[in-house]
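Residue strings, one per chain:
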Amino acid sequence: MKKKILSLFVIVNMLFFYSCKESKDDKTASTSYKLFNLEQVGWKSKKVSHNFSAINYTAITVPIQYYILKNEGAIQGSKIDSIYESHKNERIIEMEFQHNKEDDLLQGEYTKMDYESAVKYMAFGIEKDFSVIVSSGDTIPCAGITFERNFKLAPFKRLLLHFGNIGPEENIQLVYNDKLFGNGILKFRFKEIPIKL
């Protein structure tokens, strides 16, 4: 009987110490749970679409915190906050182009150039076609792009557009001068401030 009581006492103490350890890491666990939920819901924020000449243009703002999570993986909330502080004046916009028939948009019939030239333009030249107008009235050119190559595995083409010098509280409007497909100037107004973590 004494052995059973002693072993029960040891088990209860182990559970108690284990639960105390968990309470010390409560903030980390809470942050991890919050990040897990955000990943499940989706890390993209505001989405604006336009359809011209059988091409669907979709612009999606990507909150900096979510982008940090995607790049850094599961890290502590305090590290996310410190990384965010150094990048809070930047904006990332995901831009997708898709044909209604899910054709490859970089074919000559859509771009009026050969396929290789269209790929090069999408990777290097299209950056000059994008700018952002902030709520204060300033126009900010695109600081850089990342062309996501999918090698015809997906029916769309995707760019990540990078902008700097935009206050975290400012509303933005993306302006795209479509020289690749020849559909003129397209404006994507994001009416709300990006979601914060």
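See above for the structure.
Residues numbered from 1 in each chain as written. Predicted model: local features only at pLDDT ≥ 70, side-chain atom pairs only at ≥ 80, totals over all residues. Heavy atoms only, no water.

1. Some words on the environment of K101
Mapped onto the fold, K101 is located in the loop between β3 (91-99) and α5 (108-111). It is 8.9 Å that separates the C-alpha atoms of K101 and P155, two residues lying 54 residues apart in sequence. (Helix = DSSP H or I, 4+ residues; strand = E, 2+ residues; numbered from the N terminus.)

2. Quick look at the packing of aromatic side chains
Across all of its chains, the model carries six aromatic pairs by this definition. With a centroid separation of 5.8 Å and 80° between ring planes, the pair formed by Y57 and F97 is classed as edge-to-face. Here Y57, found in strand β2 (residues 55-62), pairs with F97, found in strand β3; they are 40 residues apart in sequence, far enough to count as distant. On the basis of relative accessibility, which here comes to 0%, the residue F97 falls in the buried class. (Phe/Tyr/Trp six-rings, centres within 6.5 Å; stacked < 30°, edge-to-face > 60°. Buried < 20%, exposed > 50% of the residue type's maximum accessible area, 1.4 Å probe, protein only.)

3. Some words on the side chain of K157
With respect to the helices and strands, the residue K157 is situated in strand β7 (residues 156-163). The exposure class of K157 is buried, given its relative accessible area of 6%. One polar contact links K157 to D104, side chain to side chain, over a distance of 3.3 Å. Contact partners of K157, with chain neighbours within four places excluded, come to M95, E96, F97, D104, L106, Y115, M122, F147 and N150. (Polar contact = N/O pair within 3.5 Å; in protein donor to acceptor, adjacent residues only side chain to side chain. Contact = heavy atoms within 4.5 Å.)

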